[in-house]
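Commentary on secondary and tertiary structure
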Amino acid sequence: MALQEYGKPGVGISAVARTDSYRYKSGAQAERAVAGTIRRALKGRAAVPDSGAVVVHDAPTPTPVGAKRYKANADHLIITTGRLRPHGLIVETKGWASGWYLAKWGGWRWTDHQKGRFGPADKHTIRLLLDRYREVLPGIQWSAIMVTTNDCRVLGASGYKQVSLATFERKVRGLNRAEVPERVRADVLSVCGNPARMKGR
């Protein structure tokens, strides 16, 4: 039994970072930091075996037949074995500057007593990802979580928890460590476009 990792963290946002602001570059760094936390939490340690989870970084938004295609991605997917059926955790990473962000009403933000528009806070990516993955992989029980690597909070969002990196690591350590069935792994990778397995993972 061994952890299986696919894709590459921070790739989707790194393409934008080449032509945009520091805000996006720090976002890519945050995605890589969370990927490292996932890897550390799922690796074996004294008296605890390696997790048999499947992790996919930079996973696309599935497009069911007849549905609109979206460019948004899931920063990380963690697939584990559950009591009754497999569990899929969609992980959204936020490495924005410290402050309060509104996910509704135009994505306004307050940082250091300044108010301004911040487009990424307008989007409801997590809700979209949950709906799509539940539709194309109904045999998996899906949930989502937002990990904030800086002191930022998103208001007006629902359907998921927002946690710090340290809290997230504790949660991942507590996930079921049994090996994910081959059929489930194959189905998830197919939906994600069969990403390459990370070297040494």
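By size, the foremost hydrophobic cluster in this structure holds 27 residues, and its most contacted members are V56, L77, I90, Y133, W142 and V188. The biggest single contributor to this core is helix α3 (residues 125–136), with four residues. Beyond its immediate chain neighbours, meaning those up to four positions away, V56 contacts Y6, D75, H76, L77, V188, L189, C192 and P195.

What follows concerns the side chain of Q162. Topologically, Q162 is positioned in strand β10 (residues 161–164). Judged by relative accessible area, which is 17%, Q162 ranks as buried.

Another aspect to go through is the pairing of strand β9 (residues 152–155). Burial of β9 is one-sided: the residues C152 and V154 facing one way are buried, the residues R153 and L155 facing the other way are not. For strand β5 (residues 99–102) and β9, the ladder comprises four bridges, and the chain directions are parallel. Paired with Y101 across the strands is V154, a residue of β9.

Our focus in this paragraph is helix α4 (residues 165–173). Residues of α4 that are buried include every one of F168, E169 and V172, and no others. Taken around the axis of α4, the buried residues stretch over an arc of 100°, which confines them to a single face.

Moving on to the environment of V180. Tracing the sequence through the fold places V180 in the loop between α4 and α5 (182–191). The sequence separation of V180 and G82 amounts to 98 residues, and the corresponding C-alpha distance is 9.2 Å. Non-local contacts of V180, meaning those with residues more than four positions away in its chain, are made with G52, A53, V54, I79, T80, T81 and R185.

Topologically, P60 is positioned in strand β2 (residues 54–60). Judged by relative accessible area, which is 31%, P60 ranks as partly exposed. With 14 residues separating them in the primary sequence, P60 and A74 have C-alpha atoms 6.2 Å apart. Sequence-distant contacts of P60, defined by excluding residues within four places in its chain, comprise A72, N73, Y133, V191 and C192.

Bringing the packing of aromatic side chains into the picture now. Going through the model one piece at a time under the given rule, you end up with one aromatic pair. Relative to W142, the ring of Y133 has its centre 4.9 Å away and its plane inclined at 40°; by these criteria the two rings are tilted. Taken as a pair, Y133 and W142 share a single burial class, namely buried.

Rules used in this analysis
Residues numbered from 1 in each chain as written. Predicted model: local features only at pLDDT ≥ 70, side-chain atom pairs only at ≥ 80, totals over all residues. Heavy atoms only, no water. Core = buried A, V, L, I, M, F, W, Y, C linked by side-chain atoms within 4.5 Å. Buried < 20%, exposed > 50% of the residue type's maximum accessible area, 1.4 Å probe, protein only. Helix = DSSP H or I, 4+ residues; strand = E, 2+ residues; numbered from the N terminus. Contact = heavy atoms within 4.5 Å. Pairing = 2+ DSSP bridges. Arc of directions from axis to C-beta. Phe/Tyr/Trp six-rings, centres within 6.5 Å; stacked < 30°, edge-to-face > 60°.

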